[in-house]
Every structure is written in structure tokens, then in C-alpha cells.
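Listed below, chain by chain, are the residues.
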Amino acid sequence: MNLHQFKHIYFLGIGGIGMSAIARWFLAKGFAVAGYDKTPTPLTQKLTEEGAQIHFEDDVNLIPASFLKNRSETLVVLTPAVPVTHQERQYLEREGFTIQKRSQVLGLLTADQYLIAVAGTHGKTTTSSMLAHLLHHAGVSTSAFLGGISTDVGSNLLLPHAEEERALCVVEADEYDRSFLTLHPDIAVVTSTDPDHLDIYGEKEALVESFRQFVSQIKPNGFLILNHTADQSIAEAVPSSVTVIRYGLEKEELRAGEVQLAEGAMKFSAEGRNFQLPETALQVPGFHNVENALAAAQAVSLVGVPEQKIQSGVAAYTGVKRRFEKVISIGKSVYLDDYAHHPREIEAFLRSVRALYPGQKLRVIFQPHLFTRTRDFLEGFARSLELADEVWLLDIYPARELPLPGVTSELLFDQLNLEKKRLLKKEAVLAELAKDLDFNVLATVGAGDIDTLVPDIKRLLEEKAHVME
């Protein structure tokens, strides 16, 4: 399919982080872009400012007339989050419009590029944003489709300096719904293969098999950069000409020297395949982020970025929105926000918080994401959250799912072996927080809509600090 045969691009679920990056690409290339989403967000507001026509009701009559009249010139991009019962989706399918999944379009956009794809059940957004940042910092003309808002470029999309025949491209390769199988990378990074999305895969073995299929699509003479915690059997699936580089903090071919915490930064050196990184300071906390930086640094070294540029790029990296984000620090208190929504992610985040703020009283406000994930990893969630001193637990955010009988936040609440724990409605958080500020470190955690609380919590903490001055 030639994307340039279309003039109008219509997105069903335009406000998603992955969908919005693709929408931005089409806007930048001069296509007419419109779309539907469930609710307005800062992302949809930004897309509107950039020229997209967006509505928030499931109503065919709200689709721009020019898109409906010129069927052969209209491409519909669909996210799996939009249900088959959606009226606009049913109409567009019935009328014979060309409909492609987001992953299929991403595959088309990257088919002729030198592609670095970052996969993994967690760590892929940070690692891919680090990759894009390091290339951009080094002056390498790069395009990037990210699963988060990079604070360095202020977007989830990076465009190259100019049109090139074969540009360098970085993408976040999503395993959900096997989306990453549309990609054929030159370099693949696999950060983790912990069980997740069992509503799609059923069991871990099926998830691992999809990763095996993904790495089997690495182009000849390419590279697989594989985390030591990932299922090592996937390395057996790469083509014979592909080089496998394993990484971890210690012992692997790609490894860090002693990691030190100093003034909120992670200081480390690194050694890998044909490159060494002198001691540098990563400003984004977390031992897991040092591993992410190792993978990103090795990948950009493979495409020719010199070590000095990698070192300065790592030091200049400021992170991704909602990934170990320090929202505010007032006096002896700090407020962090993180997207963690899997037990392994929560554990990595909270262990790093403990290392960074030893002996400090830690309160976590957690919003579980998906009924199936809460059910499948109930014990894991409980054990990881017990790294906090106190947990405020919100209702499960359903996202694309319908409720499951008996699967509620109360189920997780009962599993928590903590003296201080509370069940709260999201709407009650601010009022309860105003009455109880007995913490040194506050963290909001989750992948749902808990982030909508962040500006108000920040404002509340600022006001309380001002009153106490």
C-alpha cells in the first residue's frame, strides 16, 4: 500500500499515545487529519492546535464530510482499544473504507528506514526515548515514534532534519495484540519478557513465542540487544547473521561499572560491544534506568555515534513524562509520578525510590490498570506495593475492558500486608490529602487516568507549603 494515495487520514482513537504520534506524522506531511476519541486530553488539545479535527461523540455525522465523500482517498487508522460495537467503526467497515490497524500503518511508515525497534513488557518507552534523544543530541537526522512524551523534545514524535532516502528511525515496538510483528528492524532491543497482556496471550509461553517471532524478523546482519532478565530462548530465533548482545548491570557483555547514587543522579561507566562509556551521570533516577541507558548507548554506538557524544547525551537526558518524574520538591518533601502498572515495574520504581530517599516515609497512591491484569498478578501487585510505608488504593481503571465479577480493588486491598492502607475514590484524593500530609515522599503510580490528579496535587502541596512558611 502506498500511503500517498490517500489525502484524508481518519483516526479511531486519535488520543492514544501511539496513535497521536502517527497522527502528528501525517499532519507534518500535509495530510488532512481528523479523528474520534472518548474524552478530551492535553494530547487531543495539542493535536487540535496542530490542525487535526477531533470530536468526542460516537457519531458518524461528526466525521468531516470531505472524508466520507472521498472514500478512495480516505485511510482509517484503528486502535484495538476501539470496540467492534463502536458505531463509527461499524459504519466505516460496512461502507468499505480502507481500514488499517495502528501497527500496520507504523509498519508501512518504517518499511524503508534503518529501523531501531525497542520491545519489552516494560522499559520500552524510556529506552526508545533515550535512543531518540541520544541520536538527536548527536546531530543524527532521526525520526522516532514514542510511547510517551519525551521531555527533551517535548513530543512523542521526532522528525528528521530533511527528507532522506533511508533515514534512521526509532520506534517503540508494542507487544500488545502482537502489534510489533509488522516491524522488521535492523536493530532490536528487548528490555523484558515478563508475563503481561494475558488477556491476549493466555499464558507466558505464547507471549515469549511472539517475542521469538519478532526477533526472527531482524534484518540480515542486524543486532539483538537482549536484557539478561528476558527469556533467553528468544535469542535462538534470530537469523544466523544477527549478532546478539546481552546486557545487565553486571557480568553481561554489555554492563555498567559500579553504580553510585550522587545528588539525585545515577553515576556509572559502561562497557559493551566495541565501545566503552566513561563515567557519566544519568539525571533520571532508577537502577532500571541505568540498564535502559546501557541498551540505548550500545544501539547508537552501533550506528556510529562516538563515545563522547553518547556520554554527553546520557548526561543531558531529562526523561519521559510520568517515568520517575519529580513533579515538585518542597522543603523535606518530594512528589513523584510514575506510569508503572505491572508488579515488576512497581518494584523497580519503589526500590529505586527507597535507594534515592533512604529512611523517608513513603506514601503511594496507586490506580490498578485493567481487571485482567489485576486478577492475573494480584499477589505480585501486593508484594511490590508493600515496599511503601502506606498505600492509598483507587478503583481499577478499566481502559478497554468490561468489569470482571469479583475483581475489584478490594481484592488487592485484602492482600496488602500493610498497617497503613486505604481504599479511596479518585475524586476523594485531594480532599483526603489536604487533611493528611504525613509523608516525606509521595508517589502517584498507574497507567490509567491518575495523571489527571497530578496538577491539582502539585498545586495543593504548593499551597500548603506557602501557608506553613
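Below: a short report on this structure. (Residues numbered from 1 in each chain as written. Predicted model: local features only at pLDDT ≥ 70, side-chain atom pairs only at ≥ 80, totals over all residues. Heavy atoms only, no water.)

Remarks on the overall build of the protein chain
To be explicit about the condition: Every helix listed is a DSSP run of H or I at least four residues long, and every strand listed is a run of E at least two residues long, numbered separately from the N terminus. Atoms considered for the radius of gyration are the C-alpha atoms alone. The globule rule reads 2.2 Å times the number of residues to the power 0.38. Any residue under 20% of the maximum accessible area for its type is buried, any over 50% is exposed, and the rest in between are partly exposed; the area is computed with a 1.4 Å probe on protein chains only. By the convention used here, residues are in contact when the closest approach between their heavy atoms is within 4.5 Å.
Assigned secondary structure in the protein chain consists of 16 helices and 22 strands. Its C-alpha atoms give the protein chain a radius of gyration of 22 Å, within 12% of the compact-globule value 23 Å for 469 residues. A principal-axis box enclosing the C-alpha atoms of the protein chain has dimensions of 60 × 55 × 45 Å. Counting every position in the protein chain, which comprises 469 residues, the buried fraction comes to 54%. Within the protein chain, counting contacts between residues at least 6 apart in sequence, those at least 24 apart form 68% of the total.

As for the packing of helix H1 (residues 17–28) against helix H2 (residues 42–49)
When two helices pack together, their arrangement is given by the angle between the helix axes and by the axis-to-axis distance. To keep things clear, this is the line we draw: Every axis in this analysis is a line fitted to C-alpha atoms, fitted for helices over the stretch in contact. Angles between the N-to-C directions lie between 0 and 180 degrees. An angle below 35 degrees is read as roughly parallel, one above 145 as roughly antiparallel, one from 65 to 115 as roughly perpendicular, and any other as oblique. Put simply, Ala, Val, Leu, Ile, Met, Phe, Trp, Tyr, Cys and Pro go in the nonpolar bin, Asp, Glu, Lys and Arg in the charged bin, and everything else, Gly too, in the polar bin.
Where H1 meets H2, the axes come as close as 11 Å, and the angle between the chain directions of the two elements is 5°. Compared by their axis directions, H1 and H2 come out roughly parallel. Contacts between H1 and H2 involve Ile17, Ser20, Ala23, Arg24 and Leu27 on the former and, on the latter, Leu43, Lys46 and Leu47. Tallied by class, residues from the contact of H1 with H2 come to five nonpolar, one polar and two charged.

Some remarks on the sheet that holds strand S21 (residues 420–423)
So the rule is basically this: Paired strands, in this sense, are two strands between which DSSP finds at least two bridges.
The strand order S17-S18-S22-S19-S20-S21 describes an open sheet built from six strands, whose pairing is mixed. The two strands at the open ends of the sheet, each matched to only one other strand, are strand S17 (325–330) and S21. Pairwise comparison of adjacent strand axes, ignoring direction, gives a mean angle of 15° for this sheet. Here strand S18 (residues 333–338) pairs with strand S22 (residues 441–445) via five bridges, running parallel. Its bridge partner being in S22, Leu336 is matched across the sheet by Ala443.

Focus: the pattern of salt bridges
Defined as follows: Note on definitions: salt bridges are taken to be side-chain nitrogens of Lys or Arg within 4 Å of carboxyl oxygens of Asp or Glu.
A complete count under the given rule lists 24 salt bridges for this structure. The closest approach of N and O atoms between Lys219 and Asp186, which form a salt bridge, is 3.4 Å. Here the residue Lys219 occupies a position in the loop between helix H8 (204–216) and strand S11 (223–227), and Asp186 occupies one in the loop between strand S9 (168–173) and strand S10 (187–190), the gap between them amounting to 33 residues. On the basis of relative accessibility, which here comes to 7%, the residue Asp186 falls in the buried class. Note that Arg383 and Glu386 form a salt bridge whose closest N and O atoms lie 2.7 Å from each other. Since its relative accessible area comes to 33%, Arg383 is described here as partly exposed. Here the salt bridges do not stand alone but share partners, grouping Glu209, Arg212 and Glu236 into one network.

Points about the sheet that holds strand S4 (residues 74–78)
Strand order in the open sheet made by the five strands is S3-S2-S1-S4-S5, with parallel pairing throughout. Edge positions in the sheet fall to strand S3 (53–55) and strand S5 (98–101), since each has one partner strand and no second. Taken over all neighbouring pairs, the strand axes of this sheet differ in orientation by 20° on average, direction set aside. Bridge count for strand S1 (residues 8–12) against S4 is five bridges, and the pairing is parallel.

A word on the pairing of strand S12 (residues 243–248)
For S11 and S12, the ladder comprises five bridges, and the chain directions are parallel. The residue of S12 that forms the bridge with Leu226 is Arg246.

Brief notes about the packing of aromatic side chains
Heads up, the condition is: Two rings from Phe, Tyr or Trp (for Trp, the six-membered ring) form a pair when their centres sit within 6.5 Å of each other. Planes less than 30 degrees apart are called stacked, planes more than 60 degrees apart edge-to-face, and all others tilted. When the NZ atom of lysine or the CZ atom of arginine is within 6 Å of a ring's centre and also within 35 degrees of its normal, the charge is said to sit over that ring.
This structure, assessed with the given rule, holds eight aromatic pairs. Look at Phe180 and Phe211: their rings are 5.2 Å apart centre to centre, the planes differ by 90°, and that puts the pair in the edge-to-face class. In this pair, Phe180 is assigned in the loop between S9 and S10 and Phe211 in helix H8, connecting sequence segments 31 residues apart. Phe211 sits in the buried class, given a relative accessible area of 0%. Aromatic pair Phe180 and Phe214: ring centres 4.7 Å apart, planes at 5°, arrangement stacked. Note that Phe180 is positioned in the loop between S9 and S10 and Phe214 in helix H8, a separation of 34 residues in sequence. The same class applies to Phe180 as to Phe214, namely buried. Lying over the aromatic face of Phe413, Lys421 brings its terminal NZ or CZ to 4.5 Å of the ring centre. Stacked on the ring of Trp392, the Lys or Arg Arg422 has its end atom at 5.0 Å from the ring centre.

So yeah, pure geometry; function would need other evidence.
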